[in-house]
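Take a look at the letters that make up each chain.
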2 protein chains.
Amino acid sequence: MDSDATSLDRSALVDETASAIRARIMSGEIPIGAQLRQAELAAQLGISRTPIREALRQLQAGGLIEVLPRRGAVVRVPSPWEVREAYEVRAELEGLACERAVRRVTRTLLAELRGTNDVLRANERPPAPPGPGAPVSPTTIANDRFHTLIHEMAGNERLARTIRDINEAFPRNVSALVLQDDPRHRADNLAEHERIVAALEAEDAKLARREMRDHVLAAGEQLARWYERRTATVFRG
Amino acid sequence: MDSDATSLDRSALVDETASAIRARIMSGEIPIGAQLRQAELAAQLGISRTPIREALRQLQAGGLIEVLPRRGAVVRVPSPWEVREAYEVRAELEGLACERAVRRVTRTLLAELRGTNDVLRANERPPAPPGPGAPVSPTTIANDRFHTLIHEMAGNERLARTIRDINEAFPRNVSALVLQDDPRHRADNLAEHERIVAALEAEDAKLARREMRDHVLAAGEQLARWYERRTATVFRG
DNA sequence: CCTCGCGAAATTGGATCCATCGTTGGGACG
DNA sequence: CGTCCCAACGATGGATCCAATTTCGCGAGG
């Protein structure tokens, strides 16, 4: 019964399935703490439970979900502490990437970086309050592109992959929400991006590294605070 | 048919299976490039192919093995380039860990670090040439303990996990072999460890970071060279 | 009204089945 | 003698089956 969704008919079905599930968790369509029922997922994707289970094992290895024996899989609920730890590591790695990117910076790449910032500037007033499961906003795409570009400029696959792995351990839409929620955060974020571009243009590796490091740390702090408020709310309700 | 091996009867069978297979790859018992036959592994572990396949997905997510559609799983053969990239990242992360460890250093921990170095010093002449699949040597254990201790001292779970993930992407016995092969490498390794301990004792965070960074980079370079020689040999033979 | 307990339903997880694809060895042809 | 083709074999991968365990609901008892 191919109810809806993406038609997974290619050869790498398990990997595709894992991506599909990951995307639904990332977007918030499947919220934090939710149970992942194998039968349900199988029905929605129009496949049997076997590839579902293999896909869940992949997500488990990445730390996005937790598989409890005989109790099924659950989307992990990151603690503020975990978020801070992860973002300290990510800040270091993104800083390194930014430092390395200085060596490879070109006018074209700088222009593309500025392009992403233009999008951020234009969308300072977001069109709609993004709820969970909403399609990824232009702002988020521009943000991602900014970072991804720098990862590519760093010219180290493992570095890019490591950063990606850390990011994918947390439902990303959450961080997007944090950023888009508060106009002040958006402004800070844009200013930090612009300082990073300036440092790259000046080919000041140390400065670029420090700016990127601080930028990621600031974002992590906001995200951690969001989780703090969230857990506080949960305990009250 | 429970032929031999470890009796996997607990509830987290898939995770145990993954660990078992990983251990056999890490030790070199299953060499680089080898095919992982599901039926064979299942028979050896006395279970069916289903948990084997899930375990392979976990290993695939870690990057240790590669799963080609319809062609089964193969232990990845890292290129020297990949090794250098990975060790650049690892060097940065271990350097960070070492820098952070300065804040938490105690006499007890310093003593334990020195203890691992004593083992390295005592075993400058390794008892037997370690072949693939050999049990882990005291030297390797001491080496691991040295690094693990510092990771713990850093007090950041994610950092430790990230470093571990990178390490586990390469069959570890290879790097152990590289170290133990050449007396000169062993001596260098020991001297570097001692400099790191000295920097920790002096509570010089920046120095500790630099020493650890250089140490890991040096090890990575040796490992990359080993892979270069290996691929050269393979092409000849 | 709340708590405890039992039984049915739901869910997981390992084993097994079978269609499909890849591989290999042998034979025919150039 | 080398190359190509085909058939048989082997392996993978998705689907299905069934036992074991957890969860949920309902009712009895305090």
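Since this is a predicted model, take the numbers as computed values, not measurements.

Rules and cut-offs
Residues numbered from 1 in each chain as written. Chains lettered and ligands numbered in written order. Predicted model: local features only at pLDDT ≥ 70, side-chain atom pairs only at ≥ 80, totals over all residues. Heavy atoms only, no water. Contact = heavy atoms within 4.5 Å. Buried area = accessible area lost by both parts, 1.4 Å probe. Salt bridge = Lys/Arg side-chain N within 4 Å of Asp/Glu carboxyl O. Polar contact = N/O pair within 3.5 Å; in protein donor to acceptor, adjacent residues only side chain to side chain. Nonpolar A, V, L, I, M, F, W, Y, C, P; charged D, E, K, R; others polar. Least-squares fit on C-alpha atoms with pLDDT ≥ 70 in both.

K.L.:
Quick one: what's the story with the interface of chain B and chain A, residue by residue and with numbers?
P.N.:
Contact with chain B, which involves 33 residues of that partner, is made by 33 residues of chain A. Summing the contributions of chain B and of chain A, the shared interface buries around 2,800 Å²; its carbon and sulfur component is 50%. Considering only the side of chain B, the residues that lose the most area to chain A are B:Glu54, B:Arg57 and B:Arg158, jointly responsible for 22% of the buried surface there. Among the ionic pairs, A:Arg57 bridges to B:Glu54, the shortest N-O distance being 2.9 Å. Joining chain B to chain A, the criterion identifies 20 residue pairs in polar contact (both at pLDDT 80 or more). Looking at side-chain class alone, the side of chain B that touches chain A contains 12 nonpolar, 9 polar and 12 charged residues.

K.L.:
Describe the pattern of salt bridges, naming the residues involved and giving the relevant values.
P.N.:
Tallying each qualifying case throughout the model produces 47 salt bridges over all chains. As a salt-bridge pair, B:Glu29 and B:Arg24 come within 3.2 Å of each other at their nearest N and O atoms. A single network of salt bridges, built from pairs that share partners, joins A:Glu92, A:Glu99, A:Lys206, A:Arg209, A:Arg213, B:Glu92, B:Glu99, B:Lys206, B:Arg209 and B:Arg213.

K.L.:
Residues and numbers for the relation of the copies chain B and chain A, please.
P.N.:
Rotating chain B by 180° about the axis while translating it 0.0 Å along that axis superimposes it on chain A, leaving an RMSD of 0.0 Å. In symmetry terms, the pair is related by a two-fold rotation axis. In this assembly the copies share their binding face: 100% of the residues contributing to the interface of chain B also contribute to that of chain A.

Function-wise, these values are silent; they only describe arrangement.
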